[in-house]
Amino acid sequence: MAEEVLIEKWPGTVSSVTIGALKNEGGSRSAIIKVGGQKTLPFLFKEGQIPNKPVVAFEIWDISPDDWHPELIKEYGTSLKDPVVWAEKCVNDHKAELLCIKLQGAHPDFGNKTAKEEAGLISQLLKKVSVPLIIYGCGDNEKDNEILPACSEAAKGEKCLIGDAVQENYKTLTAAVLADGHNIIAESPIDINIAKQLNILISDMGLSLERIVINPTIGALGYGLEYAYSIMERARLAALSGDKTLACPFICFIGQEAWRAKETKVEESQQGIIWEQVTAIALLEAGADILVMRHPKAIEKINSHIQELFGS
Amino acid sequence: MLIIGELINGMYANIGKAIKEKNKEIIKKCALEQINAGADALDVNCGPASRKPAEDIVWLVEAIQEVTDRPLSLDSSKPEVIEAGLKALKNKSIINSTTADQDKLDKLIPLAKKYNSKLIGLTISTKGIPQNKDQRLELAAMIVSSCVEQGYPVEELYIDPIVMPVNVAQAQTREILEAIKEFKIISEPSPKTIVGLSNVSQGAIARNLINRTFLVMALESGLDAAILDPLDRELLDAAITAELILNKQIYCDSYLEAFKKK
């Protein structure tokens, strides 16, 4: 007897977030990225619409990431010394569709760059590359509150994705994003209750839930991957069941977590690339919409994996 | 839980007067107040005083549709009044209601199919009001099987166990709660369940407290929908909290507020 496939009908939809604005939309991007909008769990094409593919963003820094693995440093070479050259390399050599510029150099312990310097860098990046941009702070709340509003203003109208807003520090960034027409990343520490609460707090300031991307924070393979997976799955199930406060796309910082694993530290080894891929593949299945990754080889594999899953 | 606001009913003095004077503003205001308070859908009932219910329901539907696209529950015991309302309705619809009598089922199920409407089925028949759980289940099974026979999707059907006032039929309340639980095992897929909440406190003094205590207990029994007064803030807060405790909603500190963003 033929087995009957059970088809679930979900009442909810994940909100659709657009990153980047074209020239006729008040920006200067050559293409835009849309994420979210799905009406079912990942890759269950028979159950509901999945209008947008997950997308990989190349992670670049404003300073040379000297503590990165030699495998990564070898791959990018001298371009690491200049974020604009690095960005161009990602776009021209590796066909990056989306860039995530991490402003690590603004951190008081890593160079303490000023808001003016960082805003200048963002303006330059926007001039030199035409893909949409994710602008990511240094993680020091006080410093991020100085640099991110300045960067937001420098990128006004470009519909960037800017983060992170956290429960203890979301007001300054939300106000800036609201004023300059961007989207925001809301970060919660692998905690679905805080993710929901933060989304409510941000939307209470007038930024609609449709402009929020959730950074659920993740662990790499062997470092809490399953925990992150289950939180993302639970949030997505709630979203599809109709909870709008959790119906936002996810951004996952795959590269940052994967390359921290001790298994990647082996010299002269491709293990880090594999670690980054495996972590990405698992979290794609959990519902990741934007994957921020580092190694071009890992990214290439993941992009073709996504194409394959979408049957194209 | 699907919340259907009960306040647009000609039985209430303000609505009865508005229908009589054809004052749309009062109806629109009442619709919006209920939606802003958390109603997913609105019940529409011309009330017992209406001389021309088939005309009045059309007027009510048209007035409400000017301010909302939420589903409307057309509440009448007369199929021709419901059909008049369905014809005028652009929003999604809920037929409120059919009884377990074959002649009613044969009229209203085809209407529900034709207009792609949800259907409320009361476990009551011309033989009278059921006295216990088993009689309710029997009547529910009749409604379900009639839906299956006529090709109407059972998951669109809402079975109402007929809630009795606790001050006159105290022994029934427990039977009703158990019936809500057991309606689910009548068929696969199961029908949904609904109550007209305020009946439970009819004639009692502590009406709000009785309503919300019963609603919480019914939710625990698996209730899917209720026709109620959404302006009763404590009632809605109790229902939201019950759903939280039943793990139907994800907790956050502002969970009451999260409900409003649904």
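Residue positions are counted from 1 within each chain, in the order its sequence is given. For naming, the first written chain is A and the first written ligand is 1, with later ones following in the order written. Totals for whole chains, interfaces and linings use all residues, but because this is a predicted model, local features are given only for residues with pLDDT of at least 70 and pairs of side-chain atoms are given and counted only at 80 or more. Side-chain descriptors were evaluated using all non-hydrogen atoms of the structure, hydrogens and water having been removed beforehand.

> Sorry, what's going on with the environment of Ile202(A) here?
Residues and elements named next belong to chain A. By the element assignment, Ile202 lies in helix 6 (residues 192–204). In the structure, Ile202 is positioned 122 residues away from Leu80 in sequence and 35 Å away in space, judged by C-alpha atoms. When residues no more than four places from it in sequence are discounted, the contact partners of Ile202 are Ala165, Tyr170, Thr174, Ile184, Ala186, Leu207 and Ile212. The way it works is that DSSP assigns letters per residue, a run of H or I at least four long becomes a helix, a run of E at least two long becomes a strand, and they are numbered from the N terminus. The contact criterion used throughout is that any non-hydrogen atoms of two residues lie within 4.5 Å.

> For this particular structure, what's the right way to read the packing of helix 3 (residues 115–128) of chain A against helix 4 (residues 141–154) of chain A?
Two packed helices can be described by the angle between their axes and the distance between those axes. Residue and element names in this part refer to chain A. Look at helix 3 against helix 4: their axes get within 8 Å of each other, and the N-to-C directions meet at 30°. Viewed along their axes, helix 3 and helix 4 adopt a mutual orientation that is roughly parallel. Regarding helix 3 and helix 4, the two cross each other, and that crossing is right-handed. Contacts from Ala115, Glu118, Ala119, Ile122, Ser123 and Leu126 of helix 3 reach helix 4 at Glu146, Ile147, Ala150, Cys151 and Ala154. Only the contacting stretch of a helix is used when fitting its axis, a line to C-alpha atoms as for every element, and angles between N-to-C directions run 0 to 180 degrees. Throughout, the term roughly parallel applies to angles under 35 degrees, roughly antiparallel to angles over 145, roughly perpendicular to angles from 65 to 115, and oblique to all others. Each crossing is labelled by how the near helix is turned from the far one, with a counterclockwise turn of less than a right angle marking it left-handed and a clockwise turn marking it right-handed.

> What am I meant to see in the interface of chain B and chain A here?
In many analyses, interface size is given as the accessible surface area lost on bringing the parts together. Contact residues are listed per partner, giving 11 residues for chain B and 14 residues for chain A. Two parts placed together each lose some accessible area; with a 1.4 Å probe, that loss summed over both constitutes the buried area. For the pair chain B and chain A, the two sides together bury roughly 1,100 Å², of which 53% comes from carbon and sulfur. If you sort the residues of chain B by the area they bury against chain A, Ile250(B), Cys252(B) and Lys261(B) come out on top, with a joint share of 53%. Its salt-bridge partner being Lys261(B), residue Asp204(A) comes within 3.0 Å of it at the nearest N-O pair. We call two N or O atoms a polar contact when they sit within 3.5 Å, provided that within protein one can donate a hydrogen and the other can accept it, with sequence-adjacent residues counted only if both atoms are side-chain atoms. Our count for the contact surface shared by chain B and chain A stands at 7 residue pairs in polar contact (both at pLDDT 80 or more). All amino acids are sorted into three groups, where Ala, Val, Leu, Ile, Met, Phe, Trp, Tyr, Cys and Pro are nonpolar, Asp, Glu, Lys and Arg are charged, and the leftover types, Gly among them, are polar. In terms of residue class, the side of chain B that touches chain A is made up of 4 nonpolar, 3 polar and 4 charged. The working definition used for a salt bridge is a side-chain nitrogen of Lys or Arg within 4 Å of a carboxyl oxygen of Asp or Glu.

> Where do I start with the nonpolar core in this structure?
Ranked by size, the top nonpolar core spans 83 residues in total, and within it Ile8(B), Ile27(B), Leu119(B), Phe214(B) and Leu215(B) carry the most contacts. Among residues more than four places away in sequence, those in contact with Leu119(B) are Ile95(B), Thr98(B), Leu108(B), Ile109(B), Ala112(B), Cys147(B), Tyr152(B), Glu156(B), Leu157(B) and Tyr158(B). Grouped together as the second largest cluster of nonpolar side chains are 79 residues, Phe58(A), Cys151(A), Leu198(A) and Ile218(A) included. Joining through side-chain atoms within 4.5 Å is the link that ties buried Ala, Val, Leu, Ile, Met, Phe, Trp, Tyr and Cys residues into a set, and such a set is a nonpolar core. Note on exposure labels: buried denotes an accessible area under 20% of the residue type's maximum, exposed denotes more than 50%, and partly exposed covers the range between, all computed with a 1.4 Å probe on protein chains only.

> How should the environment of Leu173(A) be read in this particular structure?
All names here are of chain A. Inspection of the secondary structure puts Leu173 in helix 5 (residues 171–180). Through-space distance from the C-alpha of Leu173 to that of Gly163 is 7.8 Å; in sequence the pair is 10 residues apart. Excluding its chain neighbours within four sequence positions, the residues that come into contact with Leu173 are Leu148, Ile162, Gly163, Asp164, Ala165 and Ile184.

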